[in-house]
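Listed below, chain by chain, are the residues.
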Amino acid sequence: MQSRWDIGEPEKPTINKDTEQLKSELLTLNMGPQHPATHGVLRIEIWTDSEIVAHAIPHLGYLHRCMEKHAENLDYRGVIPFVDRLDYLAAMNMEWTYVAAVEKMLGTEVPRRGELIRIMTAELQRIASHLMAFGTYALDLGAFSPFLYAFEEREKILRLFEEVSGARLLYNYIWIGGVWNDWTDEQLARVSAFCDTMEEEAKKYNELVSMNKIFVQRTANVGVFTLQDCFDYGATGPVLRGSGMKWDLRKNAPYSLYSEFDFDVPVGEAELGQVGDCWNRYYVRMKEVIQSIKIIRQVLEKLEPGSVMGKVPKVIKLPKGEVYMRHECPRGELGIHLVSEGDSKQPYRLKVKSPCFTHTSMLPRIAPGQMIADFVASVGSIDIVLGEVDR
Amino acid sequence: MLNVDVNKLAELINKNISGANATVSIPEDTKKCDSSITVEVSKIYSVVEFLKTNKEMPFNSLQVISGVDWVEWMEVCYMMAHFDLQNPREFILKVKVTDRVNPSVDSIVKLYAAANFQEREVYDMFGIRFNNHPDHRRILCPDDWQGFPLRKDYVAQKDYNGMSVYPDGKMNFEDREFIVRQDMIKKAQESKAQ
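Residues numbered from 1 in each chain as written. Chains lettered and ligands numbered in written order. Predicted model: local features only at pLDDT ≥ 70, side-chain atom pairs only at ≥ 80, totals over all residues.

J.: What is the right way to look at the overall build of chain A in this model?
T.: Within chain A, the secondary structure is distributed over 16 helices and eight strands. Whereas a compact globule of 391 residues would reach a radius of gyration of roughly 21 Å, chain A reaches 22 Å, a difference of no more than 12%. A separation of at least 24 residues holds for 71% of the contacts in chain A among residues at least 6 apart in sequence. (Helix = DSSP H or I, 4+ residues; strand = E, 2+ residues; numbered from the N terminus. Rg over C-alpha atoms; globule rule 2.2 N^0.38 Å. Contact = placed C-beta atoms within 7 Å.)

Shown next, in the form of structure tokens:
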């Protein structure tokens, strides 16, 4: 694809030789815990040399609730609302991963309609989450109105989720064995209508923001992760795909019914900038929205009347053993390491592998040599949610 | 969990790393649970180095490091993964730490940068020290917090910098969440005394 604007090579920040002799020591700057660019309560200690970041140290734990300890004292069903609160912008995907781990150890069969509805809610949630990422990222870079456009569409999804689950943010909707509630035909028709408008809206967003010259100059060629960096740090999701790896668990290790669906895995193709930079990471998300719409349309075609809840014992007891389950969530691969001691109503150990935690650990890698404003763009581009980082 | 022939992999490790003593644990029902490989704790660095660099079954990424406290021993689980479009691989590598007072494992930060934060978290939650770690601090709890929360015998401290951790009248101690597993604590104390 031809670049719409040739923005050329980025200007490398250079230190003025005259002023360099004046500097005596690095200045420490605290970004956060209440900085708008940190999406929550993250503190990044930055050592700066005038405008240039020499070193960045993330300090985590401001939102630490130790849900892993709480989970050890709850029964298997009681953990679901706690899992919701990890990534509160993609609660459906969080629930599904945990529930899938329990179901695997239990050996439960989920009815086809239940499984399809799970896919649909997960993809709707992915769109909602990416809309949020789109809005807040533009907000980070100083554009306010995209945030409002994004919320208008996100609101439609939240309305639907509110109707089926009773909650707008933390749903407790996907249960062990299926889903709590069935969708009515009227609601499904609204999902279909939403898909049509969302496709149009996505085009508008690309015109408005993705291809905007100021936006491109702020993000293209900024904060580049090479593929090797991604492997070293264990990056997944849009960060890995933005760096050019065509890896998606839904495609490469299909779980649930994803193998039946026809969709592409978008990767960073350097339409603008270079592979692995902020713009490509951002644009992968915008392309994923289109693919999610494609999946939802196929779900609507496949849906047939039936039960949405399988047969599950009243008291859930898992066999002795362990399982490591990973799912493709909007921010990367969420991993659930569930250990059971056998003949117990509670998990012996629940470890959550959080993609945002991994991506936060990559910040010190790209920080040195960046301008402070570019560093803000880099933090925004990995799209962290602190509830998931700190757990 | 993607399929890896753990028996073959354990054989490979034993052949190339002397003293690794890789043993495979396969669950009764392989459809329900995952199998894993346990190696000697002193050889973890060379085993992971071998896994990263070997030609036959390389693993290019470390997903997560998790810990499990079994009271008699503590486990550190390394979820190794290979991102490859043709042959994706994944398996659980484990080491056992029997010392509860001064547990320590060699750090693998030099091999996988991902281990930096993950090892700090294991230290924070289980108190397992990682030798040669470049930045060995707590990560989620405050630096001056006492005890390691995810150990089974953990009891939260009463005061923290003049603040009450569980204020009287504000907590429902009959809630099952606050029932500390007394049997676990007793077991741990016995093993500490030995």
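Alright, that's what it looks like, and here's the rest.
J.: I would appreciate a short explanation of the interface of chain A and chain B in the present structure.
T.: Buried accessible area, meaning the area lost when the parts come together, often serves as the stated size of an interface. Residue-level contacts link 35 residues of chain A with 32 residues of chain B. Where the side of chain A that touches chain B is concerned, the elements lending two or more residues are helix 2 (67-71), helix 4 (91-106), helix 9 (227-233), strand 6 (321-329), strand 7 (332-340), strand 8 (349-353) and helix 13 (355-360) of chain A. Residue composition of the side of chain A that touches chain B, by class: 13 nonpolar, 12 polar and 10 charged. (Nonpolar A, V, L, I, M, F, W, Y, C, P; charged D, E, K, R; others polar.)

J.: Sorry if this is basic, but what is going on with the sheet that holds strand 3 (residues 52-59) of chain A here?
T.: Paired through backbone hydrogen bonds, the strands of a sheet run either parallel or antiparallel to each other. Residues and elements named next belong to chain A. With respect to topology, three strands assemble into an open sheet ordered 1-2-3, the strand pairing being antiparallel. Two strands bound the open sheet, and with one partner strand each, they are strand 1 (27-31) and strand 3. Mean inter-strand twist for the sheet, computed between neighbouring axes without regard to direction, equals 25 degrees. Of the pairings in the sheet, the one linking strand 2 (residues 43-49) to strand 3 comprises seven bridges and is antiparallel in character. Its bridge partner lying in strand 3, Thr48 is registered against Val53. (Pairing = 2+ DSSP bridges. Axes fitted to C-alpha atoms, helices over the stretch in contact; angles between N-to-C directions.)

J.: Got a minute to help me understand the nonpolar core in this structure?
T.: When a protein is soluble and globular, its nonpolar side chains tend to lie buried together. In this structure, A:Tyr98, A:Ala101, B:Val39 and B:Met80 are the most contacted members of the largest nonpolar core, which totals 154 residues. When near neighbours in sequence (up to four residues on either side) are disregarded, B:Val39 contacts B:Ile13, B:Ala20, B:Asn21, B:Ala22, B:Ile44, B:Val47, B:Leu93 and B:Val95. (Core = buried A, V, L, I, M, F, W, Y, C linked by C-beta atoms within 7 Å. Buried ≥ 20, exposed ≤ 12 C-beta atoms within 10 Å, placed from the backbone.)

J.: Any chance you could explain the sheet that holds strand 6 of chain A here in plain terms?
T.: All names here are of chain A. Strand order in the open sheet made by the three strands is 6-7-8, with antiparallel pairing throughout. Each edge of the open sheet carries a strand with a single partner, namely strand 6 and strand 8. Neighbour to neighbour, the strand axes of the sheet diverge by 15 degrees on average, direction disregarded. When strand 6 meets strand 7, the two strands line up antiparallel, connected through nine bridges. Paired with Tyr324 across the two strands is His337, which belongs to strand 7.

J.: What is the right way to read the packing of helix 5 (residues 112-140) of chain A against helix 12 (residues 278-302) of chain A from this model?
T.: The description of two helices packed together rests on the angle between their axes and the distance between the axes. All names here are of chain A. Between helix 5 and helix 12, whose axes approach to 9 Å, the crossing angle comes to 155 degrees. What the angle tells us is that helix 5 and helix 12 run roughly antiparallel. Seen along the crossing, helix 5 lies across helix 12 with a hand that is left-handed. For the pair helix 5 and helix 12, contact is made by Leu116, Ile119, Met120, Glu123, Leu124, Arg126, Ile127, His130, Ala133, Phe134 and Tyr137 and by Tyr282, Arg285, Met286, Glu288, Val289, Ser292, Ile295, Ile296, Val299 and Lys302, respectively. (Parallel < 35°, antiparallel > 145°, perpendicular 65-115°, else oblique. Left-handed = near helix turned anticlockwise from the far one by under 90°.)

J.: Help me understand the confidence of the model for chain B, please; the structure alone is not making it clear to me.
T.: Caution applies to low-pLDDT regions: their predicted coordinates should not be interpreted in detail. Mean pLDDT over chain B stands at 82; residues scoring 70 or higher make up 87%. In the model output, the complex is listed with pTM 0.87 alongside ipTM 0.84. (pLDDT = per-residue confidence, 0-100.)

J.: What is the right way to read helix 1 (residues 6-16) of chain B from this model?
T.: Along an α-helix, residues three or four positions apart point the same way, because every turn accommodates 3.6 residues. Residue and element names in this part refer to chain B. The complete set of buried residues in helix 1 reads Leu9, Ala10 and Ile13. Projected onto a plane normal to the axis of helix 1, the buried residues spread over an arc of 100 degrees and lie on a single side. Those residues of helix 1 that are exposed and aimed more than 90 degrees away from the buried face are Lys8 and Lys15. On its buried face, helix 1 is in contact with strand 1 (23-25), strand 2 (36-39), helix 2 (44-53) and strand 5 (89-97). (Arc of directions from axis to C-beta.)

J.: I'm lost on unusual backbone geometry in this one. Help?
T.: The bulk of non-glycine residues show a negative phi, and the bulk of peptide bonds are trans. Although it is not a glycine, A:Asp383 adopts a positive phi angle of roughly 55 degrees. Within the fold, A:Asp383 resides in the loop between helix 15 (372-381) and helix 16 (386-390). Of note, the phi angle at B:Asn132 is positive, near 65 degrees, even though the residue is not glycine. By the element assignment, B:Asn132 lies in the loop between strand 7 (129-131) and strand 8 (159-160).

J.: How do you make sense of the environment of B:Thr53 when you look at a structure like this?
T.: All names here are of chain B. One can find Thr53 in helix 2. For Thr53, a count of 10 C-beta atoms within 10 Å gives the class exposed. Thr53 sits 58 residues away from Leu111 along the chain, and the two C-alpha atoms are 9.8 Å apart.

J.: Would you mind going over the environment of B:Val48 with me for this structure?
T.: Residue and element names in this part refer to chain B. Turning to its location among the elements, Val48 is positioned in helix 2. By C-beta crowding, Val48 is classed as buried, having 22 other C-beta atoms within 10 Å. Separated by 81 residues in the primary sequence, Val48 and Arg129 place their C-alpha atoms 18 Å from one another. In this structure Val48 touches Ile108 and Leu111, once residues within four positions along its chain are discounted.

J.: So what exactly am I meant to see when it comes to the confidence of the model for chain A here?
T.: Scored by pLDDT, chain A has a mean of 86; 93% of the residues are at 70 or more. Here residues 1-5 of chain A is modelled with pLDDT under 50, and outside its nearest four sequence neighbours on either side it reaches six contacts, counting other chains as well.

J.: Before we go on, may I ask you to explain helix 2 of chain B in this structure?
T.: Listed in full, the buried residues belonging to helix 2 of chain B are B:Ile44, B:Val47, B:Val48 and B:Leu51. The buried residues of helix 2 of chain B occupy an angular sector of 95 degrees when the element is viewed end-on, so they sit on one face.

J.: Looking at this model, I keep getting lost on the packing of helix 7 (residues 185-210) of chain A against helix 12 of chain A. Mind explaining?
T.: All names here are of chain A. Contact pair helix 7 / helix 12: the axes reach a minimum separation of 10 Å and the direction vectors enclose 165 degrees. Here helix 7 is positioned roughly antiparallel relative to helix 12, judged by the angle of their axes. Seen along the crossing, helix 7 lies across helix 12 with a hand that is left-handed. Only Tyr283, Met286, Val289, Ile290, Ile293, Ile296, Arg297 and Leu300 of helix 12 make contact with helix 7, whose side of the interface consists of Leu188, Val191, Ser192, Cys195, Met198, Glu199, Ala202, Tyr205, Asn206 and Ser210. Partitioning the contact of helix 7 with helix 12 into residue classes produces 13 nonpolar, three polar and two charged.

J.: Is there a simple way to think about the pairing of strand 3 (residues 61-69) of chain B in this case?
T.: Looking along a regular strand, one sees side chains alternate from face to face of the sheet. Residues and elements named next belong to chain B. Most of strand 3 sits inside the fold, with nine of its nine residues counted as buried. For strand 3 and strand 4 (residues 74-82), the ladder comprises eight bridges, and the chain directions are antiparallel. Counted as the bridge partner of Val64 is Met79 from strand 4. Taken together, strand 3 and the strand that follows it, strand 4, pair antiparallel across an intervening segment of four residues, in which Val71 is found at a positive phi of about 65 degrees.

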